[in-house]
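Chain residues, written in single-letter form:
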Amino acid sequence: MSERRKVLDVINLETTFFTDDGAVPAVDDISFSIYEGEILGIVGESGSGKSVTSLSVMRLIPSPPGKITNGQILFEDKDLVKLTDKEMRRVRGKDVAMIFQEPMTSLNPLFTIGNQLLEAIRIHHKKWSKQQMRARAIEILKLVGLPRAEALLKDYPHQLSGGMRQRVMIAMALVCNPKVLIADEPTTALDVTIQAQILQLMKNLNDQLNTAVMLITHDLGVVAETCERVIVMYAGQIVEEAHVQDLFENPAHPYTQGLLQSVPDMRFKKEALYSIPGSVPKPGTIEVGCRFADRCQFAMPRCTTETPKLYEVASGQMARCFLIEQVEVLV
Ligand SMILES: Nc1ncnc2c1ncn2[C@@H]1O[C@H](COP(=O)(O)OP(=O)(O)O)[C@@H](O)[C@H]1O
Ligand SMILES: [Mg+2]
């Protein structure tokens, strides 16, 4: 792990939406890094700020109403936050690429797979000949396990199954060899068997190409099977960070513990599935204290009057909880 190179370093990132209800800090001072070749999972319930984090890294936050209001996103020698739109277009797709949640909304129904793939290549390889581009398009379709790649170039998105469309999306994201691939809930819209195939494909590609992958999901089962390291987000903040094994064996934050309890366990089919009572607060509504306090079974008086920081649980594991701070004082 330590000899691996850091490819992306997010420092104190804050992204705010300026709405009629006021400023909403959807991502509130988060810091994390991704290393070459690793799959980093980002988990949390809906509304915790996962998509806003990934769109911020891609500099695709709709503006207005959104804006990156603080922090740095370091990629190689560049701070992506500071790049002009033109400079960012050179980075997007070539250095950092993204697979979106809904393939049908990101593939254009009016153009063939070939058109869209060649366009993605053309943006970054203007000097390539038609044959070179076509060869690369076929090569990448084969790499993502699509049969009859040449014929596929002439197909329209609606002619493909959901699983095939998701493979095309992965091909489009990888076609210019990005160093970082962000996948935002890439399998949510797929049925379970296809979901497993797509995750296996992403793991194989990650092994083969050494791309750093940021995998966003609300599904801890996906994390367990795919990721090396995990970040747990809650109400715009990171509440826990750990290696995947530590997260499952020794979850430190009560929110993580609650998420793990909500995972269906096939051994105990008859038990009703647990779900954490309450819901994620709207960003910006809790100014002081722990944002999870009103849903936490371990909440103490200080949890609503003082704001917890991220405390070290063990090497490589941190949690934003006073229970951890107390452990630290005891030892
Ligand atoms: N376009 C927008 N306008 C206003 N607020 C937004 C917008 N997009 C996201 N938000 C705010 O950011 C929060 C986190 O959203 P998101 O990152 O999409 O969550 P998720 O973890 O489900 O991906 C939302 O609950 C909402 O308050
Ligand atoms: Mg999302």
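Residues numbered from 1 in each chain as written. Chains lettered and ligands numbered in written order. Predicted model: local features only at pLDDT ≥ 70, side-chain atom pairs only at ≥ 80, totals over all residues. Heavy atoms only, no water.

Going by what an unreviewed UniProt entry lists, the protein chain is known as Oligopeptide transport ATP-binding protein OppD and is assigned to Metalysinibacillus saudimassiliensis. Database annotation for the protein chain, UniProt heading Sequence similarities (unreviewed entry): "Belongs to the ABC transporter superfamily." In its Subcellular location (unreviewed entry) section, the UniProt entry covering the protein chain states "Cell membrane". (UniProt positions renumbered as here; feature names shortened; annotations may be inferred.)

Undergrad: Just checking my understanding: could you explain the site of ligand 1 for this structure?
TA: Gly47, Gly49, Lys50, Ser51 and Val52 are the nearest of the 14 residues found near ligand 1. Ser51 places a main-chain nitrogen or oxygen 2.9 Å from an oxygen atom of ligand 1. Among the elements of the structure, β1 (6-19), β2 (22-35) and α1 (50-57) are those that each provide at least two residues to the shell around ligand 1. Examining the composition of the shell around ligand 1, we find that 3 residues originate from one element, α1, more than from any other. Its residues assigned to classes, the shell around ligand 1 shows 6 nonpolar, 6 polar and 2 charged. (Near = heavy atom within 4 Å. Polar contact = N/O pair within 3.5 Å; in protein donor to acceptor, adjacent residues only side chain to side chain. Helix = DSSP H or I, 4+ residues; strand = E, 2+ residues; numbered from the N terminus. Nonpolar A, V, L, I, M, F, W, Y, C, P; charged D, E, K, R; others polar.)

Undergrad: Teacher, can you tell me more about the environment of Gln317 here?
TA: As for its placement among the helices and strands, Gln317 is situated in strand β12 (residues 317-319). Overall, Gln317 belongs to the buried group, its relative accessible area being 1%. Residues Gln317 and Arg229, spaced 88 residues apart in sequence, show a C-alpha to C-alpha distance of 9.7 Å. In this structure Gln317 touches Glu240, Glu241, Ala242, Asp246, Asn250, Pro251, Ala252, Tyr311 and Glu312, once residues within four positions along its chain are discounted. (Buried < 20%, exposed > 50% of the residue type's maximum accessible area, 1.4 Å probe, protein only. Contact = heavy atoms within 4.5 Å.)

Undergrad: Where do I start with the pattern of salt bridges in this structure?
TA: Think of it this way: side chains of opposite charge can pair up when their charged atoms draw near. Applying the stated rule across the entire model yields 18 salt bridges. When the shortest N-O distance is used, the salt bridge between Glu38 and Arg229 registers 2.7 Å. In this pair, Glu38 sits in the loop between β2 and β3 (39-43) while Arg229 sits in strand β9 (residues 229-234), placing the two residues 191 residues apart along the sequence. Of the two residues, Glu38 and Arg229, both sit in the buried class. Through salt bridges with shared partners, one network takes in Glu38, Arg229 and Glu241. (Salt bridge = Lys/Arg side-chain N within 4 Å of Asp/Glu carboxyl O.)

Undergrad: In this structure, what is going on with the packing of aromatic side chains? I would like to understand it.
TA: Applying the stated criterion across every chain yields a total of 4 aromatic pairs. Ring geometry for Tyr234 against Phe292: centres 5.2 Å apart, planes inclined by 85°, an arrangement best described as edge-to-face. In this pair, Tyr234 is assigned in strand β9 and Phe292 in the loop between α11 (254-261) and β11 (311-314), connecting sequence segments 58 residues apart. For Tyr234, a relative accessible area of 1% translates into the label buried. Ring geometry for Tyr311 against Phe322: centres 6.4 Å apart, planes inclined by 40°, an arrangement best described as tilted. Of this pair, Tyr311 sits in strand β11 while Phe322 sits in helix α12 (residues 322-330), and the two are 11 residues apart along the sequence. (Phe/Tyr/Trp six-rings, centres within 6.5 Å; stacked < 30°, edge-to-face > 60°.)

Undergrad: Would you take a moment to explain the sheet that holds β12 for this structure?
TA: The pairing of strands in a sheet comes from backbone hydrogen bonds and takes either a parallel or an antiparallel form. Taken in spatial order, the 8 strands of this open sheet run β6-β7-β8-β3-β9-β10-β12-β11, and their pairing is mixed. Looking along the sheet, the strands with just one partner apiece sit at the ends: β6 (96-99) and β11. Across this sheet, the average inter-strand angle for adjacent strands is 25°, counted without regard to direction. Both strand β7 (residues 180-184) and strand β8 (residues 212-217) contribute to a ladder of 5 bridges, which runs parallel. Across the sheet, residue Leu181 finds its bridge partner in β8, namely Val213. Lying over the sheet, helix α8 (residues 192-209) contacts β3, β6, β7 and β8, oriented at roughly 160° with respect to β8. (Pairing = 2+ DSSP bridges. Axes fitted to C-alpha atoms, helices over the stretch in contact; angles between N-to-C directions.)

Undergrad: Is there a simple way to explain the domain arrangement of the protein chain in this structure?
TA: Interfaces are often described in size by the accessible area the parts lose on coming together. When the domains of the protein chain are assigned, the result is domain 1 (6-95 + 178-324) and domain 2 (105-177). Here the C-alpha centre of domain 2 lies 29 Å away from the C-alpha centre of domain 1. Of the roughly 1300 Å² buried between domain 1 and domain 2, counting both surfaces, carbon and sulfur atoms make up 71%. Interface area lost by domain 1 to domain 2 is led by Pro178, Leu201 and Leu205, which between them contribute 33%. The interface formed by domain 1 and domain 2 holds 2 residue pairs in polar contact (both at pLDDT 80 or more) in total. Mapped onto the side of domain 1 that touches domain 2, the elements with two or more residues apiece are α2 (85-91) and α8. Ranked by residues supplied to the side of domain 1 that touches domain 2, first place goes to α8 with 8 residues. (Domains from an automatic or database assignment. Buried area = accessible area lost by both parts, 1.4 Å probe.)

Undergrad: For this particular structure, what's the right way to read the nonpolar core?
TA: Soluble, globular proteins show a tendency: their nonpolar side chains are buried together. Counting residues in hydrophobic clusters, the biggest one holds 66 residues, and the most contacted among them are Ile99, Leu141, Ile170, Leu181, Met202, Leu215 and Tyr255. In terms of residues, this core owes the most to one element, helix α7 (residues 162-174), which gives 6 residues. Among the domains, domain 1 (6-95 + 178-324) and domain 2 (105-177) are the pair contributing at least three residues each to this core. Apart from residues lying up to four places away in sequence, Ile170 is in contact with Ile99, Val144, Ile198, Leu201, Met202 and Leu205. (Core = buried A, V, L, I, M, F, W, Y, C linked by side-chain atoms within 4.5 Å.)

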